[in-house]
Amino acid sequence: EKALLAQQAGAVALLVYNNVDGVTSPATDAEVDIPVAMIYAADGRFALDGLANGAATVSAAKNTFGTFPSDLGGGMSDFSSFGPSPELDISPVISAPGGNIFSTYPLSQGRFATLSGTSMATPYVSGVAALLKQARPELGGKDIQRLLLTTAKPLSHKDTGKSIHPYWSGSGLVNVYDAIKARASIDPPVLALNDTRYGVVEGLSQNHEPVRWSSATITVKNTDGSRGMSVVAGELVADSLSMYAANGTLLPVPRTWPDNNSNNSSNNVTVACNTLPRVVYPNIRHVVAGQSVDLHVYIVAPSGLSESERWFYGGFLNFTLQWEGESSKSTFVVPYAGYNGNYRDLDVLSSLSLSGLPALADANEGIVSDPSQLVVSKNSTALLLYSIDVPTRVVSATMVDAKNRTLGYLGYGYQEYNIRNLPLSEPSVSGALIADSVYKDKEGTVEMAVPPGKYHVRLEALRPFGDVKNKRDYQTWDSASFI
């Protein structure tokens, strides 16, 4: 937008200086024809000081490339997206260099460019997969994926040293060398703990208190046909994430536990063990050449974190392998992540007390405080406004008569695969149209007039993992009646 405005004002080029230390690559609209470059904050201040003393000239030699350290190197980019998927699958599953990447570009646009994002990280992983396939042509697609995920290196926060959650980094930074040289296979390569059990379990519970837990079977295969290998199993705990503030307000960026004031040697803060997940392994020492073993693993959710704050926990199962007669070791990982509570019971719709929604509104989106005074006719429509906190497979909005009979769907009253409404500076909302007609079909193609009478709106949202055909799996909200 800055570049487009500058171009419209007659600028022949645009220099943008960062407002914080470090540098990032600018993104421009296709309509921008003028050159655009990003410079350091210090360079920007230097240029401004020069302009304050009169005219200033900025020059650079053509086709000359300079290098500078990337502040993002070796860490997660702040703009990198968070998971999980609506079904709590770990996504993304792996990380790759994608911040301030200098690469080839269309000839008509300068031949080279420094860009950031998945458009840089994705071809990197594609190239890694191609190298692995070239080195080991016998591998199939699933084999390549498994090796890339389990040989990746978990990442840590640069400032706090805490391990980054798999919902942000996946398995970690891709490592093609270790994937090519791998002499073991770990399956499955990720553990999405979509559901948990609850109760007192011998060996898992502390002080006979109930815990939330999951279990999984991990198969460790020694693909070296001539040497046996020893296995040492461990864990690396990642920070927990919540999309909510302690007061229940939905956040645009997740908060973490331990927070930045915890788990730091300089402030002597001790993190309670029950606020971190635990992994319990069976005893395993040795895997014969060419053979495999199954490990039944238990993962215990952090009971010390309040379930009302909706925390997602996670970490990495670590397997350190050493082959007979060798001093070197190889490390494999399996990321795991889950929800600290019963995800199936979560409300999909935003809390009425916090958001003021769901609600009926007039045609100008003004909330109607007394729906009984609302009149819907051929010349007067209204709106149903609502906000989604948890992604949902189905949201339906229907008109219901005084005898609790459903007449049909409102306009835009059946929506599938709904994302959450983000609490941005101007919070987004979803809605449906209330008129003097409804639709008999979900697609909104068969319209039916609504006779005069008293009606109300019913809003239904499918809870996580719910059955579309089971009404008990929906969160339901009924409006007050209107005419």
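If you're wondering where the values come from, they're calculated on a predicted model, not measured in any experiment. (Residues numbered from 1 in each chain as written. Predicted model: local features only at pLDDT ≥ 70, side-chain atom pairs only at ≥ 80, totals over all residues. Heavy atoms only, no water.)

### As for the overall build of the protein
Along its length, the protein carries seven helices and 25 strands. Residues classed as buried in the protein amount to 40% of the 483 residues present. Counting only contacts in the protein whose residues sit at least 6 apart along the sequence, the fraction spanning at least 24 positions is 65%. Accessible area for the protein stands at about 26300 Å²; split by element, carbon and sulfur atoms hold 51% of it. Computed over 36 positive and 45 negative side-chain charges, the inter-centroid distance for the protein is 6 Å. (Helix = DSSP H or I, 4+ residues; strand = E, 2+ residues; numbered from the N terminus. Buried < 20%, exposed > 50% of the residue type's maximum accessible area, 1.4 Å probe, protein only. Contact = heavy atoms within 4.5 Å. Areas by Shrake-Rupley, 256 points an atom, 1.4 Å probe, with all protein chains shown as cover. Lys, Arg positive; Asp, Glu negative; His and termini not counted. Charge placed at Lys NZ, Arg CZ, Asp CG, Glu CD.)

### Some remarks on the environment of Asp 239
Looking at the secondary structure, you find Asp 239 in the loop between β9 (229-237) and β10 (240-244). A residue is classified by how much of its surface remains accessible, and Asp 239, at 2% relative accessible area, is buried. As a C-alpha pair, Asp 239 and Gly 356 span 117 residues in sequence and 32 Å in three-dimensional space. Reaching out from Asp 239, the side chain makes a polar contact with the side chain of His 157 at a distance of 2.9 Å. (Polar contact = N/O pair within 3.5 Å; in protein donor to acceptor, adjacent residues only side chain to side chain.)

### Side note on the pairing of strand β18 (residues 382-386)
Within a regular strand, the side chains alternate between the two sheet faces. Of all five residues that make up β18, five are buried, and the element is covered over most of its length. Burial of the side chains of β18 extends over both faces: Ala 382, Leu 384 and Tyr 386 are buried on one face and Leu 383 and Leu 385 on the other. Bridge analysis of strand β17 (residues 359-362) against β18 gives four bridges, and the strand direction is antiparallel. Across the sheet, residue Asp 362 finds its bridge partner in β18, namely Ala 382. (Pairing = 2+ DSSP bridges.)

### A look at helix α2 (residues 41-52)
The terminal C-alpha atoms of α2, which comprises 12 residues, lie 17 Å apart, in line with the 16 Å expected from a rise of 1.5 Å per residue. At the exit of α2 stands Gly 54, carrying a positive phi of roughly 130 degrees. (Expected span 1.5 Å × (residues − 1).)

### Focus on the nonpolar core
Counting residues in each nonpolar core, the largest one holds 39 residues, and the members touching the most others are Leu 191, Ile 218, Leu 317 and Phe 319. Excluding residues that lie within four positions of it along the chain, Phe 319 makes contacts with Ile 186, Ile 218, Val 220, Val 231, Val 232, Ala 233, Tyr 281, Leu 295, Ser 330, Thr 331, Phe 332 and Val 334. Leu 384, Leu 410, Trp 477 and Phe 482 belong to the second largest nonpolar core, which has 25 residues in total. (Core = buried A, V, L, I, M, F, W, Y, C linked by side-chain atoms within 4.5 Å.)

### Focus: the pairing of strand β24 (residues 455-462)
In terms of residue burial, β24 counts as a mostly covered element, since eight of its eight residues are buried. Here β24 shows a buried face lined by Tyr 455, Val 457, Leu 459 and Ala 461 and a second buried face lined by His 456, Arg 458, Glu 460 and Leu 462. Bridging between strand β19 (residues 392-401) and β24 involves seven bridges; their strand directions are antiparallel. Residue pairing across strands places Asp 401 opposite Tyr 455, the latter belonging to β24. In this structure, β24 lies alongside strand β25 (residues 474-478), joined through five bridges in antiparallel fashion. Directly across from Leu 459, in β25, lies its bridge partner Trp 477.

### Some details on the confidence of the model for the protein
Segments scoring low in pLDDT should not have their predicted coordinates read at a detailed level. On average, residues of the protein score 88 in pLDDT, and 95% of them reach the 70 mark or higher. A low-confidence stretch, residues 263-268 (pLDDT under 50), is modelled with eight contacts involving residues beyond four sequence positions or located in other chains. (pLDDT = per-residue confidence, 0-100.)

### Observations regarding empty space enclosed by the protein
Taken as a whole, this structure holds one cavity of 30 Å³ or more when the rule is applied. Counted as a void, the largest cavity has a volume near 40 Å³. As for the largest cavity, its lining consists of Leu 88, Leu 193, Asn 194, Asp 195, Thr 196, Tyr 339, Gly 341, Asn 342 and Tyr 343. The residue makeup of the lining of the largest cavity, split by class, is four nonpolar, four polar and one charged. (1 Å grid on protein atoms, 1.4 Å probe; cavity = no way out; pocket = protein on both sides within 12 Å on 5 of 7 lines; lining within 4 Å. Points joined across faces, edges and corners; volume = space filled by probe spheres on them. Nonpolar A, V, L, I, M, F, W, Y, C, P; charged D, E, K, R; others polar.)

### Observations regarding the packing of aromatic side chains
In the structure shown here, the tally under the stated rule is 10 aromatic pairs. Pairing Tyr 339 with Tyr 343 gives two aromatic rings, centres 5.1 Å apart and planes at 65 degrees, and the pair type is edge-to-face. The residues Tyr 339 and Tyr 343 share a single accessibility class, namely buried. Through successive ring pairs, a cluster of aromatic residues spans Tyr 167, Phe 312, Tyr 339, Tyr 343 and Phe 465. Residue placement shows Arg 310 over the ring face of Tyr 244; its charged tip is 4.4 Å from the ring centre. (Phe/Tyr/Trp six-rings, centres within 6.5 Å; stacked < 30°, edge-to-face > 60°. Lys NZ or Arg CZ within 6 Å of the ring centre and 35° of its normal.)

### Topic: unusual backbone geometry
Put simply, Ser 91 and Pro 92 share a cis peptide bond, and its omega is 0 degrees. Note on placement: Pro 92 falls in the loop between α2 and β3 (101-104). Backbone torsion omega between Leu 357 and Pro 358 reads 5 degrees, so that peptide bond is classified as cis. Within the secondary structure, Pro 358 sits in the loop between α7 (352-355) and β17. The phi angle at Tyr 412 is positive, at roughly 60 degrees, despite the residue not being glycine. Looking at the element boundaries, Tyr 412 is found in strand β20 (residues 406-418). Of note, the phi angle at Phe 465 is positive, near 65 degrees, even though the residue is not glycine. Following the sequence through the fold, Phe 465 ends up in the loop between β24 and β25.

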